[in-house]
Amino acid sequence: MKHVEETNALGWKALTARERDVIHPVAEGKSNKLIAIELGISMRTVEAHRARIFYKMGVRNAVQLARHVCTQPELSCDVPTSQGQLGDD
């Protein structure tokens, strides 16, 4: 069985405008509910966008997506560093 990354990675150009609105909050680790509130859409719509983003970007989870967002020159990296967020005081 091939990895998701090998079969589905369509990339940034395949994302719709709304998926581009959703990608950074997902990569930042925001909940679907919070993203829905911020964008004024339903939580179910965010879930659908999230699934399509994962498929198009060839990732399986938000951690892989965050890494992908930060390493791609197409979009700026808006994902905060983990310093101070995980109890590293």
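Topic: the overall build of the protein chain
Thought 1: Assigned secondary structure in the protein chain consists of 5 helices and 0 strands.
Thought 2: Buried residues in the protein chain amount to 31% of all 89 residues.
Thought 3: Nonlocal contacts in the protein chain, meaning residues at least 24 apart in sequence, comprise 59% of its contacts between residues at least 6 apart.
Thought 4: Accessible area for the protein chain stands at about 5,800 Å²; split by element, carbon and sulfur atoms hold 53% of it.

Comments concerning the environment of E47
Thought 1: Among the structural elements, E47 can be located in helix α4 (residues 43-57).
Thought 2: Considered as a pair, E47 and S31 are 16 residues apart in the sequence and their alpha carbons are 9.9 Å apart.

Describing the nonpolar core
Thought 1: In this structure, I23, I53, M57 and L65 are the most contacted members of the largest nonpolar core, which totals 17 residues.
Thought 2: Looking at this core, the elements with two or more residues in it are α2 (17-27), α3 (32-39), α4 and α5 (62-71).
Thought 3: Filtering out sequence-adjacent residues up to four positions away, I23 remains in contact with W12, L15, I53, M57, L65 and V69.

Re the packing of α2 against α5
Thought 1: Orientation of α2 relative to α5, taken along the N-to-C sense of each, is 110 degrees, at an axis distance of 8 Å. The angle between α2 and α5 places the two elements in the roughly perpendicular class. Between α2 and α5 the crossing geometry is left-handed. Contacts between α2 and α5 pair I23, H24, V26 and A27 from the former with A62, L65, A66 and V69 from the latter.
Thought 2: Of the residues assigned to the contact of α2 with α5, the class counts are 7 nonpolar, 1 polar and no charged.

Here we look at the pattern of salt bridges
Side chains that differ in sign of charge can pair as their charged atoms come close.
Thought 1: All told, the structure shown has 6 salt bridges when counted by the stated rule.
Thought 2: One salt bridge in this structure joins E19 and R52, with 3.1 Å as the shortest N-O distance. With a gap of 33 residues between them, E19 in helix α2 and R52 in helix α4 connect regions that are remote in the sequence.
Thought 3: Its relative accessible area of 1% is what places E19 among the buried residues.
Thought 4: Given a relative accessible area of 37%, R52 falls into the partly exposed group.
Thought 5: Residues E47 and R44 are paired through a salt bridge, measuring 3.7 Å at the closest nitrogen-oxygen approach. In this pair, E47 and R44 both sit in helix α4, 3 residues apart, roughly one turn of the helix.
Thought 6: Within the structure, one salt-bridge network assembled from shared partners comprises E19, R52 and K56.

Reading guide: rules and limits
Residues numbered from 1 in each chain as written. Predicted model: local features only at pLDDT ≥ 70, side-chain atom pairs only at ≥ 80, totals over all residues. Heavy atoms only, no water. Helix = DSSP H or I, 4+ residues; strand = E, 2+ residues; numbered from the N terminus. Buried < 20%, exposed > 50% of the residue type's maximum accessible area, 1.4 Å probe, protein only. Contact = heavy atoms within 4.5 Å. Areas by Shrake-Rupley, 256 points an atom, 1.4 Å probe, with all protein chains shown as cover. Core = buried A, V, L, I, M, F, W, Y, C linked by side-chain atoms within 4.5 Å. Axes fitted to C-alpha atoms, helices over the stretch in contact; angles between N-to-C directions. Parallel < 35°, antiparallel > 145°, perpendicular 65-115°, else oblique. Left-handed = near helix turned anticlockwise from the far one by under 90°. Nonpolar A, V, L, I, M, F, W, Y, C, P; charged D, E, K, R; others polar. Salt bridge = Lys/Arg side-chain N within 4 Å of Asp/Glu carboxyl O.

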